[in-house]
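Single-letter residue listing:
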Amino acid sequence: MPDALARVREWAGQPVTETPLAGGLSHRVARVDAADGRRWLLRVLDPRVSAAGLGIPLDDEIANTLRAAEAGVGPRVLHRMPGALLLEYLDGVTLDARAVRALPGPIAAACRRLHAGPPFVGGFSVFRKLEEFLALCRRHGLRTPGGYEDALPAVAEIEHALAARPLPAVPCHNDLLPANFILCDGEVRIVDYQLSGNGDPAFELGDIAAEAEYDPDLTRRLAREYFGEDSPRLAARVRLNLIMSNVTWTLWFSVHHGLLREQAAAAGFDYEAEAAGKFARAVRDLADPGFGRLIDDVRGAGPGSPNPPHDARRPE
């Protein structure tokens, strides 16, 4: 951070002061104030994050941050430095889960703007990301919630169902926890492109719903706001991706806790508890009697369909 601040001071041509901002679980973020009253956001990227598989390569993150700004959703990039970005300071309200639940329309509109923007560098599949994390956990003997591998057959079933009628890949953020939304003058902006890549827009929506703990009705409304139609198939696709968000990001926290212990301790955040909470919500949804119907709706199974109906088997 001191080296980056020195570069900002040189770029600005005047003294600057920093105010570290809480909430970041990986990279370091600070508000930077200049003597003349101007204000920026400094984002210092920790190479250990991408090295541990917890984020995309730093150059890709920087490139995608620039493209999100071009789409009019991310903050403008004002100055690029080695391993750091000086960004437009979005003077608005950082959302929490309750606010994200109250704003499905503006949230969906922000996603549409991002998804219509320039393609990102790199691709993203939640299923391949889960495989990467699981391999890291096995290789390093990292602790995962009890019964985690019992859910993997259901994961395979979800992937097979979603692959039957895929959606075109679009530039996605893929990590839309509430704090990555900023409400500015009535418009939602999106920050932090650490896991960005081109992927399924329904995962983007399912991830939002998982992080803000949407109920099924609100999840369906989010899908309707985004896709512009009340489609059981698309709503089911989003709900299955909600499950995949919780299943996969469970391991993000397990890997972070296990491989970046010093950084995790400095964040003052209980990574193991977060992993356990996400997995508990995933198990709840996988065991729900409606899970089989979601599979059928996504595949288009029903009377006259060539796909056989789901056999209602679920993980214990």
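Summarised in this report is the structure supplied together with it. (Residues numbered from 1 in each chain as written. Predicted model: local features only at pLDDT ≥ 70, side-chain atom pairs only at ≥ 80, totals over all residues. Heavy atoms only, no water.)

What follows is about unusual backbone geometry. Backbone geometry at N174 places phi at a positive 75 degrees, although glycine is not the residue there. Its place among the elements puts N174 in the loop between β7 (170-172) and β8 (181-184). Under the relative-accessibility criterion, N174 is labelled buried at 1%. The phi dihedral of D185 is positive, around 50 degrees, even though this residue is not glycine. Its location among the elements puts D185 in the loop between β8 and β9 (187-190). We classify D185 as exposed; its relative accessible area is 87%. (Helix = DSSP H or I, 4+ residues; strand = E, 2+ residues; numbered from the N terminus. Buried < 20%, exposed > 50% of the residue type's maximum accessible area, 1.4 Å probe, protein only.)

Core analysis: the largest hydrophobic core is formed by 41 residues, its most contacted members being L54, F133, I158, L240, W252 and F291. Among the elements of the structure, α6 (126-140), α7 (152-163), α10 (232-259), α12 (271-287) and α13 (291-299) are those that each provide at least two residues to this core. The element contributing the most residues to this core is α10, with 10 residues. Beyond its immediate chain neighbours, meaning those up to four positions away, L54 contacts V49, F133, Q194, L195, W252, V255, H256 and L260. Of all hydrophobic cores here, the second largest spans 31 residues; its members include V100, A209, A210 and V238. (Core = buried A, V, L, I, M, F, W, Y, C linked by side-chain atoms within 4.5 Å. Contact = heavy atoms within 4.5 Å.)

With respect to the element layout, R281 can be found in helix α12. Taking the C-alpha atoms as reference points, R281 and A110, separated by 171 residues in sequence, lie 26 Å from one another. Discounting residues that sit within four places of it in the chain, R281 has contacts with E213, N246 and E274.

Here five strands make up an open sheet; going across it, the order is β1-β2-β3-β5-β4 and the pairing antiparallel. Two strands close off the open sheet at either side, each with one partner strand: β1 (16-20) and β4 (77-81). In this sheet, adjacent strand axes meet at a mean angle of 25 degrees when their direction is disregarded. Across the sheet, helix α3 (residues 58-70) is in contact with β3 (39-44), β4 and β5 (84-88); its angle to β4 comes to roughly 165 degrees. (Pairing = 2+ DSSP bridges. Axes fitted to C-alpha atoms, helices over the stretch in contact; angles between N-to-C directions.)

Following the sequence through the fold, D285 ends up in helix α12. On the accessibility criterion, D285 (18% relative accessible area) is buried.

Let us look at the packing of aromatic side chains. Using the criterion set out here, one finds 11 aromatic pairs in the structure. Taking the centre distance of 6.2 Å and the plane angle of 40 degrees together, the rings of F124 and W249 count as tilted. Taken together, the positions of F124 in the loop between α5 (104-115) and α6 and W249 in helix α10 put the pair 125 residues apart, joining distant regions of the chain. With respect to class, F124 is no different from W249; both count as buried. Note on W252 and Y271: the rings are 6.5 Å apart at their centroids and 20 degrees apart in plane angle, and the pair reads as stacked. Placement of W252 in helix α10 and of Y271 in helix α12 is noted, with a sequence separation of 19 residues between them. For the pair shown, W252 and Y271 are each scored as buried. The ring of Y89 is capped by R39, whose NZ or CZ atom sits 5.4 Å from the centre of that ring. (Phe/Tyr/Trp six-rings, centres within 6.5 Å; stacked < 30°, edge-to-face > 60°. Lys NZ or Arg CZ within 6 Å of the ring centre and 35° of its normal.)

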